[in-house]
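The residues making up each chain are set out below.
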Amino acid sequence: MTGEIHNGRSVAGDLDLSTDVVIVGSGASGAVVAAELAEAGQKVVVLEEGGHHLPAAMGAMRPSESLRHVWRAGSMTAAIGIGDSPVINVMMGRAVGGSSLLTGGVCFRIPEHKLVHWSTTLGLTELTPAKLEPYFDAVERAIHVETVPETARSRSTVLYEDGARKLGYRLTPLRRNTRGCEGRSKCNFVCPHQAKASVDLTYLPRAVAAGAEIYADCRVSRVVPHGGRAVGVSGRLLDADGHKRGHLMVRARRVVLAASAWYTPLLLWNSGIGRGSGVVGRNMTLHPSLRVIGEFDEEVRGWHGALQSAYSDAFLAERLTLVSAFVPTSILAATMPGAGPAFMARADRIRHLGVFGGMIHDEGGGRLHRGLGREPWVTYRMARADRAALSRLIRILADTWFAAGARRVYLPVFGLEGLDPSALATLNLDRIPASRIECTSQHPLGTCRMGTDRAHSVVNQDGETWDLPGLYIVDGSTFPTSLGVNPQLGIMAMAARAALRMLDRPLPAAV
Amino acid sequence: MSTATAIAEALFARPDAPPSASRLAAFDVELRLHFRHCGAFARTVFGLALFVLAWLAPLWCGRLPPLARLPLARRIAVLSKIEHSPLQAAFFAVKAIFCLIYFEDRGAAVEIGADTPAWSVRR
Ligand SMILES: Cc1cc2nc3c(=O)[nH]c(=O)nc-3n(C[C@H](O)[C@H](O)[C@H](O)COP(=O)(O)OP(=O)(O)OC[C@H]3O[C@@H](n4cnc5c(N)ncnc54)[C@H](O)[C@@H]3O)c2cc1C
Ligand code: SF4
């Protein structure tokens, strides 16, 4: 029996359901668990706060339309820097398919040295490279991970590689979850050709085919406990603009939270769960990322080519990963300094701009706090070493652009004019207040971390919360440390593993 | 003129002229639509940023607020200066959203050399 995707906005009155498993969040992790459990014969309900849009309709959206219908809060979500730390714009999806709809498609397994650290130093003995390998294999098959051919590179990436070679380091082709990518560079605003195998095209259809019922426009507010275990969730139905409508109650024998590293902690707090350890909402890592723009005499038109095609781990020892990137022309224009004629003169040069980015493999320092409304209040105190790494990253990217022949670079520093090589050479990046550095993050992780004891972690190695049996967390919040690489594939593999662990245990009786 | 339109007029002005009235009107409609669907949080953050630019930015530059009442050349001068002030984050947030929406007008996109028809709309 197949299931269906329902629009909560069209449900009249309240919604009251009973099921085997209820999953909160339909993004990268929730979709995997939904498919695995439904295919194993369990009755699954997925509740998603965002709306449901058909892939073709999303693909046809302009970036601003995508921002308001598919992104969370129009991307105005940020972590506030404390001390010498930047304000970090943290980007997330809010629709059926979650952030998976917005990825650049970059796929990395969790690096082996990380898994060795987790399984030895942190004692997470179930997370060895060998034990996780089958899950990576299965997810990679399901989302069609392939190597980006060199022919798909944009002129921007080709130029950057030329500079890198001259400085003695190389770029490696990225792997992405795509099929028939035409290199339209629109991945972050949903692929126009459904060439990116996001979960709305892969795991969610599988889940529905196996009988899962997915409800869009359903915001869960709390987990319902009974008799010392989780027995359901409650919340509200929403209209198309996110305003509250009817009430929502789903009774379930097992509850799975997959609401992301920002929203799963809020659900725990609202439900009075996880107070004991004091680690809920703490230890957040972000992989702060930035990009440097090189301006060339030649036309680059860097938006022709795969959005992300190559990376470099040449600076891994300094905890830096360099990744090719591009942004819509309108956003690219916005990164130019100034206002009025001076600004427009720079915007007129966008055809001549190349973009390359990188991220810091950060030590943490992020923390969620309960806000006044529904959004958390998020702070980020950047470690000193990470602040130094920011300067180093900017310097590497800028030097590489000059080696590639750029005449000027634009650094991610608010209001800073374009610099020529001599101006860059005299600039002391460490002395620029971090609050002036333009940083973004697409990878919040670690706010409900996994561990081996309840005093220092929120979930055990199966993803079950220490405080409330029957309640599982499967999203990026469970990662015990940052990864230094894009996390989606790792999150999905860990979710697949958690799903199979759930299947190993019989479902408790319904109450 | 609304604060948002006054900022857009200054931000996107060229040496010879500000953007046409029809382009600004279309921008205004699209911006309102955008914030109607973005949710309360985004509206609040954006409203705060606009407030900072409308009232605090002129004061910071020694001008009498609100920004929308200043002549075009003064508005451009205020915005350029604010980019180097402690109020810069507000300007950057507004600039990012404004550029995203303004350059989705096919004419505005083509003017700056963006040949990406799927990202813009002919008005
Ligand atoms: C712009 C962008 C680009 C990215 N690019 C890459 C990339 O190239 N490679 C990569 O590996 N990673 C990338 N990522 C990161 C990747 O998408 C995420 O790490 C991954 O999707 C996280 O999975 P998740 O299941 O934890 O959360 P999400 O995928 O964010 O899913 C969480 C879902 O839960 C829903 N939700 C939240 N609260 C509630 C509630 N109370 N009730 C009901 N539903 C709720 C949300 O609306 C959302 O749909 C990118 C992210 C973004 C935003
Ligand atoms: S580069 Fe373009 S075609 Fe390829 S996945 Fe991204 S949006 Fe789709």
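Residues numbered from 1 in each chain as written. Chains lettered and ligands numbered in written order. Predicted model: local features only at pLDDT ≥ 70, side-chain atom pairs only at ≥ 80, totals over all residues. Heavy atoms only, no water.

### Thoughts on the domain arrangement of chain A
All names here are of chain A. Here the domain parsing of chain A yields domain 1 (4-52 + 98-103 + 108-142 + 198-275 + 448-503) and domain 2 (148-188 + 286-441). For domain 1 versus domain 2, the separation of C-alpha centres amounts to 31 Å. A combined buried area of about 1900 Å² lies between domain 1 and domain 2, and 52% of that area is made up of carbon and sulfur atoms. Contact with domain 2 buries area across many residues of domain 1, yet Phe108, Trp262 and Trp269 alone supply 27% of it, more than any other trio. Taken together, the links from domain 1 to domain 2 amount to two salt bridges. Where Glu140 meets Arg175, a salt bridge forms, and the shortest distance between an N and an O atom there is 2.6 Å. Inspection of the domain 1/domain 2 interface yields eleven residue pairs in polar contact (both at pLDDT 80 or more). Per-element tally for the side of domain 1 that touches domain 2: the top contributor is helix α8 (residues 260-270), with seven residues. (Domains from an automatic or database assignment. Buried area = accessible area lost by both parts, 1.4 Å probe. Salt bridge = Lys/Arg side-chain N within 4 Å of Asp/Glu carboxyl O. Polar contact = N/O pair within 3.5 Å; in protein donor to acceptor, adjacent residues only side chain to side chain. Helix = DSSP H or I, 4+ residues; strand = E, 2+ residues; numbered from the N terminus.)

### Brief notes about the site of ligand 1
All names here are of chain A. Taken together, 40 residues are adjacent to ligand 1, and Ser29, Glu48, Ser99, Val106 and Gln488 come closest. Here Ser99 contributes a side-chain N or O atom positioned 2.6 Å from an oxygen atom of ligand 1. One nitrogen or oxygen atom from the main chain of Pro487 is found 3.4 Å from an oxygen atom belonging to ligand 1. Put simply, the parts of the chain that give the shell around ligand 1 at least two residues each are α1 (28-39), β10 (218-226), α8 and α13 (488-504). Classifying every residue of the shell around ligand 1 gives 16 nonpolar, 18 polar and six charged. (Near = heavy atom within 4 Å. Nonpolar A, V, L, I, M, F, W, Y, C, P; charged D, E, K, R; others polar.)

### Brief notes about helix α5 (residues 88-102) of chain B
Residues and elements named next belong to chain B. In this model, α5 (15 residues) spans 20 Å end to end at C-alpha, consistent with the 21 Å of a helix rising 1.5 Å per residue. With twelve of its 15 residues buried, α5 lies for the most part within the structure. Every buried residue of α5 is listed here: Gln88, Ala90, Phe91, Phe92, Val94, Lys95, Ile97, Phe98, Cys99, Leu100, Ile101 and Tyr102. (Expected span 1.5 Å × (residues − 1). Buried < 20%, exposed > 50% of the residue type's maximum accessible area, 1.4 Å probe, protein only.)

### Notes on the site of ligand 2
Near ligand 2 there are 14 residues, and of these Cys181(A), Glu182(A), Arg184(A), Cys187(A) and Cys191(A) occur at the shortest range. For the shell around ligand 2, a count of residues per class yields five nonpolar, four polar and five charged.

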